[in-house]
Amino acid sequence: MSPSLDLVRRLGLRHPIIQGPFGGGLSTVRLVAAAADAGGLGSYGAHLLAPEEILRLSSDIRAATPGPFALNLWVSNDDAPGRVLDPAEHADMCTRLAEAHAELGLPCPPLLTEPLPVAADFEAQADAVIAARPAVFSFVFGVPSSAILRACRDCGIITVGAATTVEEAVTLEAAGVDAVVATGFEAGGHRPSFMRAAEESLHGTLALVPRVAARVRIPVIAAGGIADARGVRSALALGAQAVQIGTAFLACEESGAGDAHRERLLAGEQAGDSRLTRAVTGRLARFLPNRLLECLEAGPNLPYPRPSWFTSPLKRAAIAQGRAEWIPLYAGQAAPLLRHRKAAELMTALCEGAAKR
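These lines cover the structure that appears in this document, whether it is placed above or below. Predicted model only: the values in this text are computed from it and were never measured.

Conventions we followed
- Residues numbered from 1 in each chain as written.
- Predicted model: local features only at pLDDT ≥ 70, side-chain atom pairs only at ≥ 80, totals over all residues.
- Heavy atoms only, no water.
- Helix = DSSP H or I, 4+ residues; strand = E, 2+ residues; numbered from the N terminus.
- Polar contact = N/O pair within 3.5 Å; in protein donor to acceptor, adjacent residues only side chain to side chain.
- Contact = heavy atoms within 4.5 Å.
- Axes fitted to C-alpha atoms, helices over the stretch in contact; angles between N-to-C directions.
- Parallel < 35°, antiparallel > 145°, perpendicular 65-115°, else oblique.
- Nonpolar A, V, L, I, M, F, W, Y, C, P; charged D, E, K, R; others polar.
- Core = buried A, V, L, I, M, F, W, Y, C linked by side-chain atoms within 4.5 Å.
- Buried < 20%, exposed > 50% of the residue type's maximum accessible area, 1.4 Å probe, protein only.
- Phe/Tyr/Trp six-rings, centres within 6.5 Å; stacked < 30°, edge-to-face > 60°.
- Lys NZ or Arg CZ within 6 Å of the ring centre and 35° of its normal.

1. Examining the side chain of Thr164
Right, so step 1: In this structure, Thr164 sits in the loop between strand S5 (158–163) and helix H8 (166–175).
Right, so step 2: Within the local environment of Thr164, its side chain forms a polar contact with the side chain of Ser193, the two groups lying 2.9 Å apart.
Right, so step 3: Those residues in contact with Thr164, other than ones at most four positions away along the chain, are Thr183, Arg191, Pro192, Ser193, Ser201, His203 and Leu208.

Okay, here's the thing in structure tokens:
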């Protein structure tokens, strides 16, 4: 068996393409099924779901596609004291977002006297994923316990961890993780660093992938700045066995992104350059610029997940009203390259790139 095809064959894929997982309602069963039916690996970001919701989700995915899929969780769901609202910070956020509340017809969320609610802890979520038995259990922001990884092996679930540095990749391999996503800072969404601050772990995909491939024996999956056939070919040439693509799938009509978000992603160079910021969620993530970013960045950052108490209702209202200026516009640096509105068409274009390697 060719080493370059080992991961693909083990997963039963026709193509080395993984649809990246999205949280916050951006993942959908429809998108996972489209990616899987086209011969890739569909992924669903489940870190905000309770265990019983994860079990229902896996049943829904299996009803939609016979193909393999991944469920993704966050190992670390808190940045202390991220769930405690401070009165002064609450007042400041209400002031910063006053324009958004006025335009969307919303009040500022109330100040809670108790910590923000938690959907479920990681261990309970992981138990649900293991019970669901997807083809892949992927995770970010850390390494699961040895007991969880052992349970996955016993159930035949392939584990995939995310690394933003060579050090993190080596740590994941040493823990017994089956494959590693080497994610460059070009990627959209959150920077899933777990050994050093995200700002100290910013490596480009072009440099990170071959360095990780040289240091670990487990399969490497490239992520970050890959949006077309050229990116697929380049990543495979650098030593990756597969690629994980997020933003290009987010722009497809099967994703949970609102129409206004998709139109910005597909606006080419007019969309502007995405940038990294902690202002939206409290953790470093990449977004296209808009009024929401300007307002949130007008004051100090709050720890994760405190900002979401303010931005979640704004996001729901802005999506419903088609107001892109008040939606958190997750996007990678390759967004200006996006062309495809349907996942099947995107997969066809990406697979042509893989076939020419």
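2. Points about the packing of helix H6 (residues 122–132) against helix H7 (residues 146–155)
Right, so step 1: The geometry of H6 relative to H7 is characterised by a closest axis approach of 10 Å and an angle of 5 degrees between their N-to-C directions. It follows from the interaxial angle that H6 and H7 lie roughly parallel. Facing H6, whose interface residues are Phe122, Ala126 and Ile130, H7 presents Ile148, Ala151, Cys152 and Cys155.
Right, so step 2: Residues belonging to the contact of H6 with H7 are distributed by class as follows: 7 nonpolar, no polar and no charged.

3. Section: the nonpolar core
In globular proteins that are soluble, nonpolar side chains generally tend to be buried together.
Right, so step 1: Core analysis: the biggest nonpolar cluster contains 97 residues, and Leu71, Phe137, Val180, Val212 and Phe249 have the highest contact counts within it.
Right, so step 2: Residue contributions to this core peak at 6 residues, all from H6.
Right, so step 3: Core analysis: the second largest hydrophobic core is formed by 15 residues, Ile18, Ile158, Val181 and Ile221 among them.

4. Details of the packing of aromatic side chains
Right, so step 1: For the structure on display, the rule yields 5 aromatic pairs.
Right, so step 2: Ring geometry for Phe122 against Phe137: centres 6.4 Å apart, planes inclined by 25 degrees, an arrangement best described as stacked. With Phe122 in helix H6 and Phe137 in strand S4 (residues 136–140), this pair connects stretches of sequence that are 15 residues apart.
Right, so step 3: For Phe122, a relative accessible area of 3% translates into the label buried.
Right, so step 4: The class for Phe137 is buried, based on a relative accessible area of 0%.
Right, so step 5: When the centroid spacing of 5.4 Å and the interplanar angle of 70 degrees are considered together, the rings of Phe137 and Phe139 count as edge-to-face. Like Phe137, the residue Phe139 is buried in the burial classification.
Right, so step 6: Taken together, the aromatic side chains of Trp74, Phe141 and Tyr304 make up a single cluster linked through ring pairs.
Right, so step 7: In this arrangement the basic side chain of Arg283 is found over the ring face of Phe141, its NZ or CZ atom lying 4.3 Å from the centre.

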